[in-house]
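Survey of secondary and tertiary structure
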Amino acid sequence: MHSSSPFIASAFAEPPIVISMGDPAGIGPEIIVKACAARPELFRDAVVAGDRRIMERALDVCRRHGLPSQNIPRLVPENEAPRQGLAGQPILRVSQVGEPCSDLPAWGQVQSLAGHMAAQAIEHGARGVLQRRYRALVTAPIHKEALAQAGYPWPGHTEMLQALAAEHAGVSVSDMPVRMMLANPDLRTVLNSIHVSLRQAIEAVTASQVEETLRITHDFLARTVARQAHRPPNIAVAGLNPHAGEGGLFGTEEQEAIIPAVARAQALGMHVHGPYPPDTVFMQAHAAAHAPIPFCDVVIAMYHDQGLIPVKYLGVEQGVNVTLGLPLVRTSPDHGTAFDLAGTARADAQSLLAALDMARMLSASDFSPAHGAGS
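Below: a short report on this structure. Quantities reported herein were computed from a predicted structural model and do not represent experimental measurements.

What about the packing of helix α3 (residues 112-130) against helix α5 (residues 157-169)?
Their axes nearest at 10 Å, the elements α3 and α5 cross at an angle of 40°. With respect to each other, α3 and α5 are oriented oblique. As α3 runs across α5, the sense of the crossing is right-handed. Contact residues: α3 offers Ala 119, Ile 122, Glu 123, Ala 126, Arg 127 and Leu 130, while α5 offers His 157, Met 160, Leu 161, Leu 164, Ala 165, Glu 167 and His 168.

A closer look at the pairing of strand β12 (residues 330-333)
Across 2 bridges, the pairing between strand β5 (residues 136-139) and β12 is parallel. If you follow Leu 137 over to β12, its bridge partner there is Arg 330. For strand β11 (residues 320-324) and β12, the ladder comprises 3 bridges, and the chain directions are antiparallel. Among the inter-strand pairings, Val 320 is bridged to a residue of β12, identified as Pro 333.

Points about the environment of Ile 293
If you trace the backbone, Ile 293 turns up in the loop between α10 (281-287) and β10 (298-301). By relative accessible area, which is 73% here, Ile 293 ends up exposed. Distance in space between the C-alpha atoms of Ile 293 and Leu 191 is 23 Å, their sequence separation being 102 residues.

Some thoughts on α5
End to end, α5 covers 18 Å across 13 residues, agreeing with the expected 18 Å (1.5 Å per residue, within 8%). Of all 13 residues in α5, 10 are buried; the element is thus mostly enclosed. Buried within α5 are the following residues: His 157, Thr 158, Glu 159, Met 160, Leu 161, Gln 162, Ala 163, Leu 164, Ala 165 and Ala 166. Packed against the buried residues of α5 are α3, β5, β6 (179-184), β11 and β12. Gly 170 occupies a position one or two residues after α5 and carries a positive phi of about 75°.

Examining the nonpolar core
Ile 32, Phe 43, Met 55 and Leu 92 are the most contacted members of the largest nonpolar core, which has 96 residues in total. Here Met 55 is in contact with Met 21, Pro 29, Ile 32, Val 33, Val 48, Leu 75, Leu 92 and Val 94, once residues within four sequence places are set aside.

Comments concerning unusual backbone geometry
At the junction of Gly 274 and Pro 275, the peptide bond is cis and its omega measures out at 10° in the coordinates. Structurally, Pro 275 can be placed in strand β9 (residues 271-276). The backbone of His 243 sits at a positive phi, close to 60°, despite the residue not being glycine. Counting through the fold element by element, His 243 comes out in the loop between β8 (234-238) and α9 (253-267). Phi at Ala 345 takes a positive value of approximately 60°, unusual for a residue other than glycine. Tracing the backbone shows Ala 345 in the loop between β12 and α12 (350-362). Looking at Ala 345, the relative accessible area reads 15%, which means it is buried.

Structural notes on the side chain of Thr 217
By the element assignment, Thr 217 lies in helix α7 (residues 207-223). Residue class for Thr 217 comes out buried when judged on its relative accessible area of 0%. Here the side chain of Thr 217 touches Thr 213 through a polar contact of 2.7 Å, landing on its backbone oxygen. Not counting the four nearest positions on each side in its chain, Thr 217 is found in contact with Val 190, Ile 235, Val 298, Ile 300 and Leu 324.

Scoring rules and cut-offs
Residues numbered from 1 in each chain as written. Predicted model: local features only at pLDDT ≥ 70, side-chain atom pairs only at ≥ 80, totals over all residues. Heavy atoms only, no water. Axes fitted to C-alpha atoms, helices over the stretch in contact; angles between N-to-C directions. Helix = DSSP H or I, 4+ residues; strand = E, 2+ residues; numbered from the N terminus. Parallel < 35°, antiparallel > 145°, perpendicular 65-115°, else oblique. Left-handed = near helix turned anticlockwise from the far one by under 90°. Contact = heavy atoms within 4.5 Å. Pairing = 2+ DSSP bridges. Buried < 20%, exposed > 50% of the residue type's maximum accessible area, 1.4 Å probe, protein only. Expected span 1.5 Å × (residues − 1). Core = buried A, V, L, I, M, F, W, Y, C linked by side-chain atoms within 4.5 Å. Polar contact = N/O pair within 3.5 Å; in protein donor to acceptor, adjacent residues only side chain to side chain.

Here it is, written out as structure tokens:
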């Protein structure tokens, strides 16, 4: 199902960051081109995994819609060494995944071909990081329905990467639990459950599940945010029910699951507090995000929309999705394929640039899980 191109060490001083191109019917290829044009220095040690013809189409779209010619990146193979005399032109390296596509997927439509091409790029990038040919993976947006039409069993990036990493480690998927973190400069949230129905998300609010979420989050923050701040991670927990259950009047999940999980985490030495009413805890975290002692470093949300609505309300331009619990660094923009904008070069590349910045920081040797003993 996967292919891998040879990695020529002389082309890079260290393993590069790999960017999967995303759904070729969406804005992924275009925002990669625009990001490279805006900040070419970020792409000196980056490679795009995907189809060269798709990337050439994205270059053409950006050119036809007004991106200055001197800012249009030049596509080169992954292992091509920089040439003299081209210092002023951005370079976009492409690792061809599979055979070049003869029929290009149409813009803005759910298509099995697009889902297959997107999945191939993700798999190439993830396996490359796991095999240490790349140091981090940044994923451009995919369309979950297209992924399903192509026959892939995963509902999204997170579950697909979890399965690939578990296979690489020789363990079951259940033995490699992962969580999704959405972050922008003013708020971070980690989800107790990811792409499941609301009914299933409520069923996932168990003491063991919440405790596992707290452990995964604490371990990540201890290596990153807290280490930079020279203090332990500070984690706030949202309740599930209105007013965090109001002592059992509006639901018992807090008393039966969340409070015991918080107590267990505290007994293990974690700085965890809550549960707080979910309609105010995100506001508290946002209001004190830049205080000398913030209210918290992250809010644990009990289900997908509880956490993502406040983060996305603050603006997706600087939002970054980070997968916690994997033996590799993976980040992505905090938005989807935007089929309505595909082919117009109007999509904003800021969230992709933020994801690249985050991947660069996390893949530094002090932070990267790929350098840890458990990798």
